Amino acid sequence: MQHLLASGLGNPSSIHGSGQAARHWLERARAQVAAAVDCPPRCVVFTSGATEANALAWQSVSRVGTGTAVTTHVEHAGVTMLADEAESKGWQVVRLSLSPKGNLHLHELPPSWEFASALMVSNELGLRLPVEELCRQTRNQGGLFHTDATQALGKINLKALDADFISLSAHKIGGPSGVGALVVNDGVELAPLWPGHQERGLRAGTENLLGVVGFGAACEDLPTRIAAMDRVRKLRDSLATGIANLGTECLRHLDNVDPKLETGSCLSVAFLGIDAADLVMGLDIEGIAISAGSACSSGTLQPSPVIAHLVRDQDRRQAIAKGTIRISLGPENTEQDVEHALRGLKTTLTRLTNLR
Amino acid sequence: MSKSRITQDVRHWTREQIGLPSGARVAVAMSGGVDSSVVAALLVEAGYDVIGLTARLYDTEATEVPRAGSCCAPEDARDAKGVAAQLGFRHYVLDERQSFREEVIGPFIESWRTGQTPNPCVACNRSLKFDRLLKRALSLGAEVLATGHYAQLDADDGGRPRLRRGMDRGKDQAYFLYPLPAVQARLLRFPLGGLSKTDVREHAERLGLDVAQKAESMDICFVGAKKPADWMAAQGQVPGGELISLDGTRLGRHDNLAKFTVGQRRGLGLPGGSSVRYVVDKKADGTVIVGDRDALKVSTLDLQGYNPVTGAMPKVGERFGLQVRHRGKAIMAEVEAVSDEVLTIRPLDPLMGAARGQAGVLFQDDRVIGGGTIEHVTRASEA
């Protein structure tokens, strides 16, 4: 990216020299991203991020006619909204539920369906969904399969992943924000969201060259990131133990889940009787960035529908969802970070408890 | 005077208002308007560790065009966030929609329904600003919470909270602040109390705030540009009823009790006659009682849920200034009876009408002694 900034940027679609140089960088990045999922570079369509990639996949399928689409109750809000939109256009949408132990209820599949879309790794839980199995069954139906692999990239080796559409995002692997890709299998027809010639007419608009190059470069580091996941899991586990020993009543979601079912980089904990927004703000003040629920347009937090779905206890569902925070860890984190986070949590919880 | 000298003086002045050394963590309740934005900017300038807090209180209806001069609407939260981003301090939006519905909007509707004239700003100060926002501020490690209210707050020689009218009498908000609890008072700061609106706009310009020219918020925030009566009608919540004279004569019907408030003269929809008629009283069943101006005269009124801002309940026979509506003049009045949280007040100067549900606030000169919700108004004509 630095080299590119220093040399001046051309438009990859231009005929002149700097345009051709830009084209070189663009195609190089495309090959780098393609290597991450072991597909031919021509299958990679660059987008503004996974949200656009998801929309490109969904709308390619749902824009004409109607049919049955399968998705899950634990999708990222982007796909949830696309599913709602397809439903409003006459599609029948079946949303598979999840057991409290993290198993996707495949027995809820309808007799037949045309399209299935499931995230590979839950952004809120770090849970791995059985997308391979869902993809196989969808193909058996003659349907198309989409997976949002945003959270899987950099945590799991995706070279063996086979799907008709795969959404990816750069900023989850240390790349820049505002760039992503949709990987489209050969032979699958993609309908652009708006007309134009870039990206083989599939995604019009001058390419975000700097972002794309950054995305490609970040993909070069994927093996290192994936190799670090064992260490990340240990950090996560020691954070979980530390939180359980804080002396505040809390409930860990997907506790004792089969380690093979999750990435080990995410911890989701409900503090009962505490508003997660208070913890997010309190920890931010202490220099620790965590998440809770889903941020709405004005910046307030709504209790997560994904967490609400996981809680079987109807009476406590809202309270648990409202008190749930999510701490994500990555290869950048250290033991000191875990200690810092535990100290910050203790300080914030003490302040909140004293105010009652 | 040189610019740096002005800045130095302002910093000193700001620190005097806050009473904490620079570097201390101070939270600011930000509505997204000019006043609270200037408070935040002055605090940043004076070297405080500022945290901006904006409460999201309600949803703007999807069909409603964003309007100038609103407060605490989603777009105002974005303005507040913009100021924070511009000046580089942390800012959080708090979702208080549920508590606002339960503690402000709900009672507002109930009050109109039962023949009162509610004051939602008082309820909002009581439950949102002095309670929830303050708690949030403290939970974030702030030492005090500053707001953009035009009122002066400090302590008297005995250490009791001293809440006084804002220096800018045109902007003064002391009337709305009477629910201030004595304990919380020492944790709140109103730095604009000693400034005029012109001063505040000048600061906004000097500090380069984007909101410097933003319109004033004057309406009831969640009601917006609508008349409260139309808003109530849209909620489907308000009874119609009869207009009757003091002697019980039926004069006509009306379709919306929220169209009327005690002391109102216009819009009664009565055929013109020789005497000018006023709304004298409203009943929970929708009945509106109409009479001549003399009938408005108040003999006594009760202040329910009286909060002694100074920390001490007034004694029988003590005399204070009594203000019964925003921008209303304080008139001399005497405490007639005191019981748990209820004060009976007798105006000594003529008081022509007091609406149940409005705030009744006692002043000594410009100092707020305490206040409560007006209940049980006895008219001189019935006494």
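First things first, this report covers the structure right here in the doc. (Residues numbered from 1 in each chain as written. Chains lettered and ligands numbered in written order. Predicted model: local features only at pLDDT ≥ 70, side-chain atom pairs only at ≥ 80, totals over all residues.)

**Concerning the overall build of chain A**
Piece 1. The secondary structure content of chain A amounts to 12 helices and 12 strands.
Piece 2. Relative to the 2.2 N^0.38 estimate, which gives 21 Å for 356 residues, the radius of gyration of chain A is 21 Å and therefore close to what a compact globule would have.
Piece 3. Considering only C-alpha atoms, chain A reaches an extent of 65 × 55 × 35 Å along its principal axes.
Piece 4. With 356 residues in all, chain A has 47% of them scored as buried.
Piece 5. Here the analysis covers contacts within chain A between residues at least 6 apart in sequence; of these, 67% occur between residues at least 24 apart. (Helix = DSSP H or I, 4+ residues; strand = E, 2+ residues; numbered from the N terminus. Rg over C-alpha atoms; globule rule 2.2 N^0.38 Å. Buried ≥ 20, exposed ≤ 12 C-beta atoms within 10 Å, placed from the backbone. Contact = placed C-beta atoms within 7 Å.)

**Focus on the sheet that holds strand 10 (residues 278–282) of chain B**
Strand pairing in a sheet takes place through backbone hydrogen bonds and is either antiparallel or parallel in direction.
All names here are of chain B.
Piece 1. Strand order across the open sheet formed by 4 strands is 9-8-11-10, with mixed pairing between neighbours. Looking at strand neighbours, the two that pair on one side only are strand 9 (250–254) and strand 10, the edges of this open sheet. With strand direction ignored, the average angle separating the axes of adjacent strands in the sheet is 30 degrees. (Pairing = 2+ DSSP bridges. Axes fitted to C-alpha atoms, helices over the stretch in contact; angles between N-to-C directions.)

**Quick notes on the packing of helix 1 (residues 3–18) of chain B against helix 2 (residues 34–45) of chain B**
A pair of packed helices can be characterised by two numbers: the angle between their axes and the separation between those axes.
All names here are of chain B.
Piece 1. Where helix 1 meets helix 2, the axes come as close as 9 Å, and the angle between the chain directions of the two elements is 105 degrees. Relative to helix 2, the element helix 1 is oriented roughly perpendicular. Between helix 1 and helix 2, the residues in contact are Thr 7, Val 10, Arg 11 and Thr 14 and Leu 42, Leu 43 and Glu 45, respectively.
Piece 2. The residue inventory of the contact of helix 1 with helix 2, partitioned by class, reads 3 nonpolar, 2 polar and 2 charged. (Parallel < 35°, antiparallel > 145°, perpendicular 65-115°, else oblique. Nonpolar A, V, L, I, M, F, W, Y, C, P; charged D, E, K, R; others polar.)

**Notes on the interface of chain A and chain B**
Piece 1. Contact with chain A, which involves 13 residues of that partner, is made by 15 residues of chain B.
Piece 2. If you list the elements that add at least two residues to the side of chain A that touches chain B, you get helix 9 (276–285) and helix 12 (335–355) of chain A.
Piece 3. Top element by residues in the side of chain A that touches chain B is helix 9 of chain A. It accounts for 6 residues.
Piece 4. Taken together, the residues that form the side of chain A that touches chain B break down as 6 nonpolar, 4 polar and 3 charged.

**Details of the nonpolar core**
Piece 1. A:Val183, B:Val26, B:Val28, B:Leu43, B:Leu53 and B:Leu145 are the most contacted members of the largest nonpolar core, which has 207 residues in total.
Piece 2. Aside from chain neighbours lying at most four places away, what touches B:Leu53 is B:Ala27, B:Val28, B:Ala29, B:Met30, B:Tyr92, B:Leu94, B:Leu133, B:Arg136 and B:Ala137. (Core = buried A, V, L, I, M, F, W, Y, C linked by C-beta atoms within 7 Å.)

**Here's the deal with the sheet that holds strand 9 (residues 266–271) of chain A**
Residue and element names in this part refer to chain A.
Piece 1. Pairing is antiparallel in the open sheet, where 3 strands are placed in the order 8-9-12. A strand with exactly one partner marks an edge of an open sheet, and here the two such strands are strand 8 (250–252) and strand 12 (324–328). Going from strand to strand, the sheet's axes swing by 25 degrees on average, the running direction of each strand aside.
Piece 2. Pairing analysis gives 3 bridges linking strand 8 to strand 9, with the strands arranged antiparallel. Residue pairing across strands places Cys 250 opposite Phe 271, the latter belonging to strand 9.
Piece 3. In the packing of helix 8 (residues 229–244) onto the sheet, the strands contacted are strand 8, strand 9 and strand 12, and the crossing angle to strand 9 comes to about 10 degrees.

**Side note on unusual backbone geometry**
Piece 1. Although it is not a glycine, A:Leu254 adopts a positive phi angle of roughly 55 degrees.
Piece 2. Position of A:Leu254 relative to the elements: it lies in the loop between strand 8 and strand 9.
Piece 3. Here B:Asp365, not a glycine, exhibits a phi torsion of approximately 55 degrees, which is positive.
Piece 4. Position of B:Asp365 relative to the elements: it lies in the loop between strand 16 (359–364) and strand 17 (367–379).
Piece 5. Given 9 C-beta atoms within a 10 Å radius, B:Asp365 is considered exposed.

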